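Fold and contact review
In case you want the letters, here they are:
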Amino acid sequence: MAADGRGQKSRVVVDPADFTCSTLAGELADEWVELVEAMDFKLGTARQFRNTIRYFCTFVDRDVPRPRKATLAHADPDLHLAVTEWVRKLPATFAAGSRSPAWHAGRLRQLIERRIEHPDRPVVGHLSSWGKGALGVRRGKSEELDEFTRAEKLALVKAAWADLAAVDARIKKGWALAERGVDPAVGGWLEPANLLWAIAHDAWSTWEISRRLPRRAEWPPSLVTFLPENAPPGLVRQMLLGSLVRQLFLHNMDLHCFRILLMAATGHASEEVTGLDEDDVEFGPKSVMIDFTKNRAQAEPRRSYGIDTSLAQATLHPAHPRLDPADLIRRLLDLSRPLAKRQGLDPVPLFLRASVVNGGVLQIKPFLGHLQNAKFTTWLDRHGVSVSEPRDIRRLRKSGKVEKAVAFKGRVSDIADDHSVETFHGHYAHGTTLRVISGKVITAAQQRWFSQALGGPTVLSEEAVESLEEPEAGAVLGLSSEEIEDLRSGQLDMGVSGCRNPRQSPWGKPGQLCPVAPLRCFECRNALVLPSNLPQMLLFADFLERMQMRLTPSHFDAFWKQSRVNLLAALKARSDAEIAQARQQIVDDQLTLQLPLSAHVEFDS
């Protein structure tokens, strides 16, 4: 017996008689049962420990000499060798990179460590040292899922709303038909209303109804309409009763729409939504408080959601249904309550399903996302929803994370409100939408920087310099009369060019003298290249040519390519006579390139 996490007991059994090493299987099973009860594990976690025991005991039966004598309390046969060999061979039984080998090895070590700590349960040999050392198998890695696109999510939600409306209408119609029925022992066993009445009031079990139904050939058309098409002859009674049960209660397939809508409404994972019960929900006048349980993170986040008060006003009919968690939970509770009452479950689990099995037995169990013929992919096919591969419900959770990232403008502290920042970076930040958004943000930032800092200089001819005396010319360049005078007198000369305002450099802080002149003047929108700057421009061109010979192409392109391109374009605007005159001026006046001392240190090192 093992606890399912809600105080209920579930039959999750390892029978030692299934293995030759029955003593070893019993020892591990004892530790497993106590561990599950002590840790209050969910049913799924309990099954995982059971599978680990089965894998290991199967290996012992097959590969260990005298498995019948295998026990943790004896040194012969050597179970330390068996454990290490099993761990070594585990990765070969799973897909490459799978995390399952490490998980199974870790669970087995947890069971053995628990037994070692018990004073009355001896564990001999070297197993205690294995428990303290390395696990012996890599953790593996999983392929991260991408989110659903916006269009895919909208299609999912739309189909889920349509399915919910159909489920709601079907069950209301079924209960209305059941209220018109009577006890089938009085009104007859061939009347659908009577059979529904018996199931609804638990007057007759489905097994008893199955035994009292006549042959298929005697059924009236009103009853045959409830029989699914192409029903196998040997299962007609079971399938008829299953169809009748679905007229009153939820089936596993019906719960997919509620799961999709609640995940979309809350942004929480599938296991958190489907694990809710009545005690996890607290309704207020204007909000609903939900206590989620996140098993893997061992966390219980509490979330509050506003209630759409318009839903309570019958006069209002919104064009599109709103994703209101409170309304969805109320609907689901109303549908699950009859099943919980029949099963004696308190508090009421939100996700309960009913089905007919074993020829006519009514079975009430929790929702199972991977139930055969009632999986998420089956639901998609049945409702004609086309999504990209893989068709995994977990991608819906990631879509919610993307929307939250957009809403909070990338503030990870707000996005990662139900897990750690590291978890967000590892499981959600890789998504296509976030990569595209990040790329656009980076591109926009770069474009803004380029437009401000890398607009390039303005080259002025002799005629343009002479025309600066006219007010219209200054207005075109964005210069005041004082700035024009400072420019012409050389007070704004930065060496290879003039400058509109050296204290408003896009490379520095406002009010700070430009920190990169003259090295980046030919990449700056503030630069004004005058004819008087031509000698320094030629010296700068020679300097860049030498740098190109000294540096690697990638290094030169990263630091100087744009400056050289803009400089050569500015030189092309000068005539050959002007360039020759400037060269002669360099020789006559023995001019040198004026670079800051820091630049010389950098380039000479």
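Think of each chain on its own: its residues are numbered from 1, step by step along the sequence as written. Reporting in this predicted model follows two pLDDT cut-offs: at least 70 for local features of residues, and 80 or more for side-chain atom pairs to be given and counted; totals over whole chains, interfaces and linings ignore these cut-offs and use all residues. Computation of side-chain values covers all heavy atoms of the structure but excludes hydrogens and water.

Let's talk about the overall build of the chain
The helix and strand labels rest on DSSP assignments: H or I over at least four residues marks a helix, E over at least two residues marks a strand, and numbering proceeds from the N terminus. Of the regular secondary structure elements, the chain holds 26 helices and ten strands. Across the 605 residues in the chain, those meeting the buried criterion constitute 43%. We call two residues in contact when some of their heavy atoms are within 4.5 Å. Considering only residue pairs separated by 6 or more positions, the chain has 62% of its internal contacts joining residues 24 or more positions apart. Approximately 32,500 Å² of the chain is accessible, and the part contributed by carbon and sulfur atoms is 52%. Burial classes: relative accessible area under 20% of the type maximum marks a residue as buried, over 50% as exposed, and values in between as partly exposed (1.4 Å probe, protein chains only). What sets the accessible areas is the Shrake-Rupley method with a 1.4 Å probe; for residues, cover comes only from the shown protein chains.

Comments concerning the packing of helix H23 (residues 534-550) against helix H25 (residues 576-589)
Their axes nearest at 9 Å, the elements H23 and H25 cross at an angle of 85 degrees. In terms of orientation, H23 and H25 fall into the roughly perpendicular class. In this structure, H23 contributes Leu534, Pro535, Leu538, Leu539 and Asp542 to the contact, and H25 contributes Glu578, Ile579, Ala582, Arg583, Gln585 and Ile586. A per-class count over the contact of H23 with H25 returns seven nonpolar, one polar and three charged. For helices, the axis comes from a line fit to the C-alpha atoms of the stretch in contact; other axes are also lines fit to C-alpha atoms, and the angle between any two N-to-C directions lies between 0 and 180 degrees. Working definition: roughly parallel below 35 degrees, roughly antiparallel above 145 degrees, roughly perpendicular at 65 to 115 degrees, and oblique for all remaining angles. Gly is put with the polar residues, along with every residue not named as nonpolar or charged; the nonpolar set is Ala, Val, Leu, Ile, Met, Phe, Trp, Tyr, Cys and Pro, and the charged set is Asp, Glu, Lys and Arg.

A few points about the packing of aromatic side chains
The criterion for an aromatic pair is that two Phe, Tyr or Trp rings (for Trp, the six-membered ring) have centres within 6.5 Å, with stacked assigned to planes under 30 degrees apart, edge-to-face to planes over 60 apart and tilted to the rest. As enumerated under the stated definition, the model contains eight aromatic pairs in all. Measuring from centroid to centroid gives 6.3 Å for Tyr55 and Phe94, while their planes differ by 80 degrees, and the two rings are edge-to-face. Highlighted residues: Tyr55 in helix H2 (residues 43-63) and Phe94 in the loop between helix H3 (79-89) and helix H4 (100-117), separated in sequence by 39 residues. Take Tyr55: its relative accessible area is 40%, and that puts it in the partly exposed class. Ring centres of Phe522 and Phe540 lie 6.2 Å apart, and the angle between their planes is 20 degrees; on these two criteria the pair is classed as stacked. In this pair, Phe522 sits in the loop between strand S9 (498-499) and strand S10 (527-529) while Phe540 sits in helix H23, placing the two residues 18 residues apart along the sequence. Ring pairing ties together the aromatic residues Phe522, Phe540, Phe543 and Trp560, which thus form one cluster.

Re the confidence of the model for the chain
Across the chain, the average pLDDT comes to 79, with 79% of residues at 70 or higher. Every residue in residues 1-11 scores below 50 in pLDDT, and together they form 31 contacts with partners more than four places removed in sequence or on other chains. The predictor reports its confidence for every residue as pLDDT, a score running from 0 up to 100. Here residues 311-318 is a poorly scored stretch, pLDDT under 50, and it has three contacts once near neighbours within four places are set aside; other chains count.

Section: the sheet that holds strand S3 (residues 281-283)
Here we have three strands laid out as an open sheet, ordered S3-S4-S5, and antiparallel in their pairing. For this open sheet the edge positions go to S3 and strand S5 (302-306), each flanked by a neighbour on one side alone. For this sheet, the mean angle separating the axes of adjacent strands, direction not counted, is 20 degrees. Sheet analysis places strand S4 (residues 287-291) next to S5, joined by five bridges and oriented antiparallel. By the bridge assignment for S5, Asp291 is matched with Arg302. Along the sheet face, helix H14 (residues 325-343) touches S3, S4 and S5 and points at about 115 degrees away from the line of S3. Strand pairing is assigned whenever DSSP identifies at least 2 bridges connecting the two strands.

A few points about the nonpolar core
Residues Leu156, Ile209, Phe351 and Trp379 are the most contacted members of the largest nonpolar core, which totals 77 residues. Secondary-structure elements contributing two or more residues to this core are helix H6 (150-179), helix H8 (192-200), helix H11 (236-246), helix H12 (255-266), S4, H14, strand S6 (352-357) and helix H15 (376-382). By residue number, the principal contributor to this core is H6, which donates ten residues. Residues within four places of Phe351 in sequence aside, it is in contact with Leu255, Phe258, Arg259, Leu262, Val273, Thr274, Leu332, Ser336, Lys365, Pro366 and Phe367. With 35 residues, the next largest nonpolar core counts Val36, Phe49, Ala82 and Leu90 among its residues. Here, nonpolar core means buried Ala, Val, Leu, Ile, Met, Phe, Trp, Tyr and Cys residues that are tied together by side-chain atoms lying within 4.5 Å of each other.

Regarding the state of the cysteines
Throughout, a disulfide means two cysteine sulfur atoms within 2.5 Å of one another. Counted under the stated rule, the structure contains zero disulfides. Here Cys514 stays free of any disulfide, with the sulfur of Cys521 as its closest cysteine sulfur at 6.1 Å. The buried category is assigned to Cys514, whose relative accessible area is 17%.

As for the packing of H6 against H8
Across the interface, H6 lies against H8 with an axial gap of 7 Å and an inter-helix angle of 100 degrees. Regarding the angle of H6 to H8, the classification is roughly perpendicular. Contact residues: Gly174, Trp175, Leu177 and Ala178 in H6; Ala193, Leu196, Trp197 and Ala200 in H8. Looking at the contact of H6 with H8, its residues break down into seven nonpolar, one polar and no charged.

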